[in-house]
Amino acid sequence: MAEAAAGEKSGKVVIRNIGLVLSGDIERPILDADTIVVVDGVIVAVGRDKDCDQSRAMTVIDARRTCVAPGLIDSHVHPVFGDWTPRQNQLGWIDSTMNGGVTTMISAGEVHLPGRPKDIVGLKALAITAQRAFDNFRPGGVKVLAGAPILETGMTEQDFKDLAESGVSLLGEVGLGSVKAGAEARQMVAWARKHGIQSTIHTGGPSIPGSGLIDKDVVLEADADVIGHINGGHTALPEAQVCELCEKSSRAIEIVHNGNERIAIAAAKAAIQLKCPHRVILGTDGPAGSGVQPLGLLRMIALLSSLGGIAAERVFCFATGNTARLRKLNCGLIEPGRDADFVFMDRAQHTAGRTLLESVQLGDIPGVGMVMIDGLVRCGRSRNTPPATEIPVVVPVAR
Ligand SMILES: [Zn+2]
């Protein structure tokens, strides 16, 4: 079930009898719909049963009144190659994370590669190789956007031009290499931006022995597109500085699982107070010293909703549509033209919450009943979440 042949097309897929459609759009997080129609991996219709053309479907899914949301996007991961991480010597972590509802992952640098090259030719070669490798191989079907070079002193504009022309579209976390000064980082971030490469900066204390502090002045001066793990990875800046970053910068506010939870809540609340909830995006920062986190995004959603007092349907947008828009991805939103990447969820068995959203607001994580990527079913009942009360079923189609 997990591995589809390369280039396999979903054909026409009808998902009916949906109990709740979460759109991923922070302006309108819940849709008035119970049916989604997909053709060859792309959403073509979202609406009421009677209004959707359901004829000649190759696959029909009865959602059994469960919730369909866009597949979760992990804005901050550190992959290496394949479905292996040397950080904790673990195999299958990406497939495990797909079982936690994640359908897209964005690399913040392949920093855990043993013997990672730090010379400029070497770091460029690694980025290009990682981009190609994950483009050609999707563990569990997950879209891993990788090839995120770590900036080192001495890089010139030509290097960024070369990287962009070779298909690299991301920078690894600024600050993990030898470029740590604000002015130097700012110049390289600007070169990257000029050539269409998106940037993320490490924020807070060192992650592991050998990395360093990036304080709020460096973050503001560098002006990267994403304020990476604003709640630290794991050591956070003081709360007042985090709130100052939210206020003075207009860039994406990334909150991660592998960070300070109290500051995670403070940052999300600051964004809402500043009337910019669309800037909040979520990641795990895994694999990390704290491990591989297959349920990391679901746990972040439950944390921010329950302890942050933010409506669950809005918090789901932090992990879907907000990230898609800020990172210019075609997934993360349920609307025609978008990739058919979905997570089907229901309230976990025996939660105190009466509905899925209420259970999340009470701090429980949902049960995942199915994950679909590009219109193809990648897993049924999750092997990792608590069991969902109800799960969708694939209905036999008469031919
Ligand atoms: Zn970091």
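All of these numbers come straight from a predicted model, not from anything done at the bench. (Residues numbered from 1 in each chain as written. Predicted model: local features only at pLDDT ≥ 70, side-chain atom pairs only at ≥ 80, totals over all residues. Heavy atoms only, no water.)

Regarding the overall build of the protein
Regarding its fold elements, the protein presents 11 helices and 20 strands. In terms of overall dimensions, the protein is globule-like: its C-alpha atoms have a radius of gyration of 20 Å, near the 21 Å expected for 399 residues. Along the first, second and third principal axes, the C-alpha atoms of the protein reach 65 × 45 × 35 Å. In the protein, the proportion of contacts linking residues at least 24 apart, taken out of those at least 6 apart, comes to 75%. Looking at the protein as shown, the accessible area adds up to about 15000 Å², and 51% of this sits on carbon and sulfur atoms. With 40 positive and 44 negative side-chain charges, the protein shows a spacing of 3 Å between the two charge centroids. (Helix = DSSP H or I, 4+ residues; strand = E, 2+ residues; numbered from the N terminus. Rg over C-alpha atoms; globule rule 2.2 N^0.38 Å. Contact = heavy atoms within 4.5 Å. Areas by Shrake-Rupley, 256 points an atom, 1.4 Å probe, with all protein chains shown as cover. Lys, Arg positive; Asp, Glu negative; His and termini not counted. Charge placed at Lys NZ, Arg CZ, Asp CG, Glu CD.)

A word on the pairing of strand β17 (residues 342-346)
Judged by how many residues are buried, β17 sits mostly within the fold: five of five residues are covered. Side chains of β17 alternate between two faces, with Phe 342, Phe 344 and Asp 346 and Val 343 and Met 345 buried alike. As paired strands, strand β7 (residues 67-70) and β17 are joined by four bridges and run antiparallel to one another. Opposite Val 68, over in β17, you have Phe 344 as the bridge partner. Summarising the sheet, β17 and strand β18 (residues 367-373) pair through five bridges and their orientation is antiparallel. Across the sheet, residue Val 343 finds its bridge partner in β18, namely Val 371. (Buried < 20%, exposed > 50% of the residue type's maximum accessible area, 1.4 Å probe, protein only. Pairing = 2+ DSSP bridges.)

Quick word on the packing of aromatic side chains
Two measures describe an aromatic ring pair: the distance that separates the ring centres and the angle between the ring planes. A complete count under the given rule lists one aromatic pair for this structure. Note on Phe 160 and Trp 191: the rings are 6.0 Å apart at their centroids and 45° apart in plane angle, and the pair reads as tilted. With Phe 160 in helix α3 (residues 157-165) and Trp 191 in helix α4 (residues 182-194), the pair connects residues that are 31 residues apart, well separated along the chain. (Phe/Tyr/Trp six-rings, centres within 6.5 Å; stacked < 30°, edge-to-face > 60°.)

Some remarks on the packing of helix α2 (residues 120-136) against α3
Running from N to C, α2 and α3 cross one another at 20°; their axes reach a closest spacing of 10 Å. In this view, α2 runs roughly parallel relative to α3, as classed from their interaxial angle. Crossing hand, α2 versus α3: right-handed. The residues of α3 that touch α2, namely those facing Ile 120, Lys 124, Ala 127 and Ile 128, are Asp 159, Asp 162 and Leu 163. For the contact of α2 with α3, a count of residues per class yields four nonpolar, no polar and three charged. (Axes fitted to C-alpha atoms, helices over the stretch in contact; angles between N-to-C directions. Parallel < 35°, antiparallel > 145°, perpendicular 65-115°, else oblique. Left-handed = near helix turned anticlockwise from the far one by under 90°. Nonpolar A, V, L, I, M, F, W, Y, C, P; charged D, E, K, R; others polar.)

Observations concerning the coordination of the zinc ion
Taken together, the protein ligands of the zinc ion are Glu 173 (OE), His 202 (ND1) and His 229 (NE2), with distances of 1.8 to 2.3 Å. Counting residues between consecutive donors of the zinc ion along the chain gives the motif E-x28-H-x26-H. Pair noted here: Glu 173 is in the loop between α3 and α4 and His 229 is in the loop between β14 (226-227) and α6 (239-248), with a separation of 56 residues, a long-range link. According to the relative accessible area criterion, His 229 is buried, its value standing at 0%. (Donors = N, O, S within 2.8 Å, 3.2 Å for Na, K, Ca; no water.)

With respect to unusual backbone geometry
Put simply, Gly 233 and His 234 share a cis peptide bond, and its omega is 15°. With respect to the secondary-structure elements, His 234 resides in the loop between β14 and α6. With an omega of -15°, the peptide bond running from Gly 286 to Pro 287 counts as cis. Note on placement: Pro 287 falls in the loop between β16 (280-283) and α8 (296-306). Even without a glycine there, the phi angle at Asp 40 is positive, about 45°. You can see Asp 40 is positioned in the loop between β4 (35-39) and β5 (42-47).

Re the nonpolar core
Nonpolar side chains in soluble globular proteins generally cluster together in the buried interior. Ile 230, Ile 255, Leu 282 and Met 345 are the most contacted members of the largest nonpolar core, which totals 83 residues. Ignoring anything within four residues of it in the chain, the contact list for Ile 230 reads Thr 203, Val 242, Leu 245, Cys 246, Ile 253, Glu 254, Ile 255, Ile 263 and Ala 267. With 19 residues, the next largest nonpolar core counts Val 21, Val 38, Val 68 and Ile 334 among its residues. (Core = buried A, V, L, I, M, F, W, Y, C linked by side-chain atoms within 4.5 Å.)

Regarding the environment of His 278
Within the secondary structure layout, His 278 lies in the loop between α7 (261-273) and β16. On the basis of relative accessible area, His 278 is assigned to the partly exposed category, the value being 40%. On a C-alpha basis, the gap between His 278 and Arg 28 in space is 12 Å, while along the polypeptide they are 250 residues apart. Apart from residues lying up to four places away in sequence, His 278 is in contact with Ile 26, Asn 322 and Leu 326.

Some points on the confidence of the model for the protein
Across the protein, the average pLDDT comes to 96, with 98% of residues at or above 70. Here residues 1-5 is modelled with pLDDT under 50, and outside its nearest four sequence neighbours on either side it reaches 12 contacts, counting other chains as well. (pLDDT = per-residue confidence, 0-100.)

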